[in-house]
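Per-entry structural report
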Amino acid sequence: MKKQQIKQFMISLIISLVIYGALMFSMNNGIISSYWSRIMITACINIVLATSLNLASGYLGQLTLGHAGFMSVGAYIAALASIHLQTPFIISLIIGAIVAAVIGLIIGMPTLRLKGDYLCIITLAFNEIIRVIMLNLKITNGARGLIGMPMSTDFTSAFISVVVTIYVIYCIVKSRHGRAIISIKEDETASELAGIPTFYYKIMAFVISAFFAGIAGGLYAHYNGILVPVSFDYNKSVEILVMVVLGGLGNLKGSVVAAIVMTFLPELLRSFSDYRMLLYAVVLIATMIIKEKNLMPHIKEKFSKKEVVEEVAE
Amino acid sequence: MALLKAEGLGIQFGGLKAVDEFNFEIEKNQLYGLIGPNGAGKTTVFNLLTGVYKPTSGQITFDGKPIIKMKPNQITELGIARTFQNIRLFKNMSVIDNVKVGLHHSQNYSLLPAILNTPGYFQGEEAIEEKALSLLRVFDLEEFAYVKASNLPYGKQRKLEIARALATSPKLLLLDEPAAGMNPTETAELMETIKLVREKFSIAILLIEHDMKLVMGICEKIVVLNFGTTLAFGTPEEIRNNPEVVAAYLGNEE
């Protein structure tokens, strides 16, 4: 098992290095224009958001609508750290992520006792509360937007964040902790009676999810150069959730693909930009009709029957 | 000293006393049955013993410790495991992962080693894998280890649920209607399995069952529950000849 896992790890590492090398080469040689390379950074940020939400919504099975809230906490804290404390980029990112995780803990403690619709509404409310706070604080410069942080996010840092996020979440899901988290989604009572401290694991998955949302926020802050509260509204949370649902709940690869597709699709349909949200709705409904569960395993099923089980077990 | 002792146990849902004054004792390595007409409160008793419901009166001591204030997962860790009347497996997980969830506490590597892939993590995972496979072997489920749990035939799902319960290394196993929905062949096979489990793991078992042949055949003592109270307690022979029990099942002569 150890050998197999190391082999898998090495293969993944080589694949990501090759992808990174190819993309960097194309960017440096002008094959990919700077316009598209900026969109690729957005795609990376969205992958971090989608995979981290997948831990809370896909694997843990808690439908939360506050992911943009955690992202905004990470974004503002990281930006403020960069502006006022002059911390290096990576330190700002980590500070932002840790604060987002702490907020996740504070929000999670009372709300994770709720289930289903209630949790959804509470996290949605939390998202709005954060947005309104950011809008009214002096230090965040309200609706005029926070500026002045260095534009440190480049493709390399975004790509590394993606790799680290996927790696960490993959490792968690593979471990005994991950099995505990998945078992909660499957049947919470049975999980508790199999000896799993369910509340602890719910909090844990939620906090880790918030942590990576914070990382994504920090990346976004140092990529965009300006932070306005309205970009972290309810629509953003839904957008991330759409990526997760589209890619398949509890499916990391699916989240990655869906995040990329959902980033590039609106760009390709720039001329219809007003209808972007409409497009999301159409895609989401279409996906539900095509396959009531999720798209990725369905495609995979065609290639191999066996892998479907492993995918879920992952 | 009794392994598990329930004294004056009761629970009230609104005005309904689902269980009232339930007294019960089970020793180590004993096999007891819990029977009673439909709606007598058998499953409620299980829910009380495992902490799913908090009793409104009475006391439960397990292994010398009072457990009524504990959470279900703490009670499981202490050594009471159970199965459910309507099978509750982790349906989308593989068979072996179902057992591995039960083995959660057999290893204690924390989150960081799992992320950093330390030797401790690999040792832990290997130990879990080995234990899970050996448990599956006991129930002849080894060949299905990597099949999705919901794809198992019904009888095997029942067995898997018992395997998962045993994975928590319990001292007392509560089986809620293990033979429900099984044909006579499967029931006979299940009886053998229960006997085997008891010998191999030397644990106490309390089972709810409507199949009288099974109950009378393997249980040392039987508790009869009616309207939430203990109606009778004794050996199968005593229970069979107890007029009150017969009345509870078949009604009085008048």
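Before going further, it helps to examine the overall build of chain A. When helices and strands are counted, chain A shows 14 helices and two strands. Over its C-alpha atoms chain A spans a radius of gyration of 19 Å, differing by no more than 12% from the 20 Å that the globule rule assigns to 314 residues. Reported as C-alpha extents along the three principal axes, the dimensions of chain A are approximately 50 × 50 × 40 Å. By residue count, 53% of the 314 residues in chain A fall in the buried class.

On the surface, Ile6(A), Phe9(A), Met10(A), Leu13(A), Ile14(A), Leu17(A) and Val18(A) cluster together to form a nonpolar patch covering roughly 620 Å² of accessible area. Counting through the fold element by element, Leu13(A) comes out in helix H1 (residues 2-28).

So, about the pattern of salt bridges. Residues and elements named next belong to chain B. Counting across every chain of the model gives 14 salt bridges over all chains. For the salt bridge of Lys-159 with Glu-189, the shortest nitrogen-to-oxygen distance reads 2.8 Å. With Lys-159 in helix H6 (residues 154-167) and Glu-189 in helix H7 (residues 184-201), this pair connects stretches of sequence that are 30 residues apart. Given the relative accessible area of 13%, Lys-159 is considered buried.

Formed by 88 residues in total, the largest nonpolar core has its most connected members in Ile45(A) and Leu227(A). Top contributing element to this core by residue count: helix H9 (residues 198-224) of chain A, with 16 residues. Each residue touching Ile45(A), except ones within four places of it in the same chain, is listed here: Met71(A), Ala216(A), Leu219(A), Tyr220(A) and Tyr223(A). Ranked by size, the runner-up nonpolar core spans 47 residues in total, among them Leu152(B), Ile205(B), Ile222(B) and Ile239(B).

Here is what the cut-offs are and how they apply
Residues numbered from 1 in each chain as written. Chains lettered and ligands numbered in written order. Predicted model: local features only at pLDDT ≥ 70, side-chain atom pairs only at ≥ 80, totals over all residues. Heavy atoms only, no water. Helix = DSSP H or I, 4+ residues; strand = E, 2+ residues; numbered from the N terminus. Rg over C-alpha atoms; globule rule 2.2 N^0.38 Å. Buried < 20%, exposed > 50% of the residue type's maximum accessible area, 1.4 Å probe, protein only. Patch = residues over 30% accessible without salt bridge, like charges linked within 9 Å, V, L, I, M, F, W, Y side chains within 5 Å. Areas by Shrake-Rupley, 256 points an atom, 1.4 Å probe, with all protein chains shown as cover. Salt bridge = Lys/Arg side-chain N within 4 Å of Asp/Glu carboxyl O. Core = buried A, V, L, I, M, F, W, Y, C linked by side-chain atoms within 4.5 Å. Contact = heavy atoms within 4.5 Å.

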